[in-house]
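Remarks on the overall topology
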Amino acid sequence: AQSVTQLDSQVPVFEEAPVELRCNYSSSVSVYLFWYVQYPNQGLQLLLKYLSGSTLVKGINGFEAEFNKSQTSFHLRKPSVHISDTAEYFCAVSVNDYKLSFGAGTTVTVRA
Amino acid sequence: SQTIHQWPATLVQPVGSPLSLECTVEGTSNPNLYWYRQAAGRGLQLLFYSVGIGQISSEVPQNLSASRPQDRQFILSSKKLLLSDSGFYLCAWSASGGLEQYFGPGTRLTVT
């Protein structure tokens, strides 16, 4: 079975600074990877996905992530954050069995 | 475009009372449907998923059940709620054969 570890539970960051959210996975087979964002009391919104092809994936709101198969990682980055990026971020993995396995989440707090 | 609805948005129920949460999807046919629970400060736990009408797979043994009476309708039920059933319940859908899931706005359930 696959699993996901988000290495940071909370990440405080100043506005306009860069941010990186770390995600590692374990799986014995090929995986598909996702990042979702959740604003307070809302559902999850898909930020980006890696299914195949280029290992550098660009998503919405200026986020990007890089799939590193040798390190089994899929870290999320944004070069300059805004106050509106304050939210919880979830990394998820699928092995094409209809199901997603989610990490515990990383809370990003952007301060002015 | 596709949209997913959940209701009610919030619910406060006493221990031992029944539960019915509803999820509907518009703009697609034969979707895969999912119920997740998100406890405070924790990630998402997959409860049930369905690949077709009347087809339900349970991921976690519990006092909850799910039904899919129509192609784009997914219902989460309980005969008798427990305090531990409190949480944020999210419905999601994916295209048949698709990998990424799209989430509804969620239902906040508080069992008192």
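1. A few points about the overall build of chain A
Scanning chain A from terminus to terminus reveals zero helices and twelve strands. Secondary structure elements in chain A, listed N-terminal to C-terminal, are β-β-β-β-β-β-β-β-β-β-β-β. Computed over C-alpha atoms, the radius of gyration of chain A comes to 13 Å, within 12% of the 13 Å expected from 2.2 N^0.38 for 112 residues, which places it in the range of a compact globule. Structurally, chain A occupies a C-alpha span of about 45 × 30 × 20 Å along its principal axes. The buried share among the 112 residues of chain A stands at 46%. Partitioning the intrachain contacts of chain A with sequence separation of at least 6 by distance along the chain shows that 55% fall at a separation of at least 24. For chain A, the accessible area works out to roughly 5,500 Å², and carbon and sulfur atoms hold 48% of it.

2. Some details on the interface of chain B and chain A
Facing 21 residues of chain B, the contacting portion of chain A comprises 21 residues. Both sides together, the interface formed by chain B and chain A hides about 1,700 Å², and carbon and sulfur atoms give 59% of it. On the surface where chain B and chain A come into contact, there are two salt bridges. The residue A:Lys49 makes a salt bridge to B:Glu100 at a minimum N-O spacing of 2.4 Å. At the surface where chain B touches chain A, the tally comes to four residue pairs in polar contact (both at pLDDT 80 or more). Secondary structure elements with two or more residues in the side of chain B that touches chain A: β4 (32–38), β5 (44–52), β9 (87–94) and β10 (102–103) of chain B. In the side of chain B that touches chain A, the residues fall into twelve nonpolar, five polar and four charged.

3. Observations concerning the side chain of A:Asp8
Position of A:Asp8 among the secondary structure elements: in the loop between β1 (3–6) and β2 (10–14). If we ignore the near neighbours within four places in the chain, the residues touching A:Asp8 are A:Arg22, A:Gly105 and A:Thr106.

4. Some words on unusual backbone geometry
Omega for the peptide link from B:Trp7 to B:Pro8 comes to 0 degrees, which places this bond in the cis form. Along the chain, B:Pro8 falls in the loop between β1 (3–7) and β2 (10–13). Backbone geometry at A:Asn61 places phi at a positive 60 degrees, although glycine is not the residue there. With respect to the helices and strands, A:Asn61 occurs in the loop between β7 (56–58) and β8 (64–68). For A:Asn61, a relative accessible area of 41% corresponds to the partly exposed category. The phi dihedral of B:Asn30 is positive, around 50 degrees, even though this residue is not glycine. Judged by relative accessible area, B:Asn30 falls into the partly exposed class, the value being 34%.

5. Quick look at the pairing of β1(B)
Looking down a regular strand, the side chains alternate between one sheet face and the other. Residue and element names in this part refer to chain B. Residues Ile-4 and Gln-6 point to one face of β1 and are all buried, whereas Thr-3, His-5 and Trp-7, pointing to the other face, are not buried. Where β1 and strand β3 (residues 19–26) come together, five bridges link them in antiparallel fashion. By the bridge assignment, His-5 is partnered in β3 with Thr-24.

6. Some thoughts on the pattern of salt bridges
All chains considered together, the criterion is met by nine salt bridges over all chains. Put simply, A:Glu20, A:Glu66 and A:Arg77 are held in one network by salt bridges that share partners.

7. Focus: the state of the cysteines
Applying the stated criterion to the full structure yields two disulfides over all chains. Across the disulfide, A:Cys23 is cross-linked to A:Cys91 (sulfur-sulfur distance 2.0 Å). Residues A:Cys23 and A:Cys91 share a disulfide whose torsion about the S-S bond is about -65 degrees; that sign makes it left-handed. One end of the pair, A:Cys23, is in strand β4 (residues 23–26); the other, A:Cys91, is in strand β10 (residues 87–94), with 68 residues separating them in the sequence. Overall, A:Cys23 belongs to the buried group, its relative accessible area being 0%. A relative accessible area of 0% places A:Cys91 in the buried class. With its sulfur 2.0 Å from that of its partner, B:Cys23 forms a disulfide with B:Cys91. Taking the sign of the torsion about the S-S bond as the criterion, the disulfide between B:Cys23 and B:Cys91, at about -75 degrees, is left-handed.

Definitions and cut-offs
- Residues numbered from 1 in each chain as written.
- Chains lettered and ligands numbered in written order.
- Predicted model: local features only at pLDDT ≥ 70, side-chain atom pairs only at ≥ 80, totals over all residues.
- Heavy atoms only, no water.
- Helix = DSSP H or I, 4+ residues; strand = E, 2+ residues; numbered from the N terminus.
- Rg over C-alpha atoms; globule rule 2.2 N^0.38 Å.
- Buried < 20%, exposed > 50% of the residue type's maximum accessible area, 1.4 Å probe, protein only.
- Contact = heavy atoms within 4.5 Å.
- Areas by Shrake-Rupley, 256 points an atom, 1.4 Å probe, with all protein chains shown as cover.
- Buried area = accessible area lost by both parts, 1.4 Å probe.
- Salt bridge = Lys/Arg side-chain N within 4 Å of Asp/Glu carboxyl O.
- Polar contact = N/O pair within 3.5 Å; in protein donor to acceptor, adjacent residues only side chain to side chain.
- Nonpolar A, V, L, I, M, F, W, Y, C, P; charged D, E, K, R; others polar.
- Pairing = 2+ DSSP bridges.
- Disulfide = S-S within 2.5 Å.

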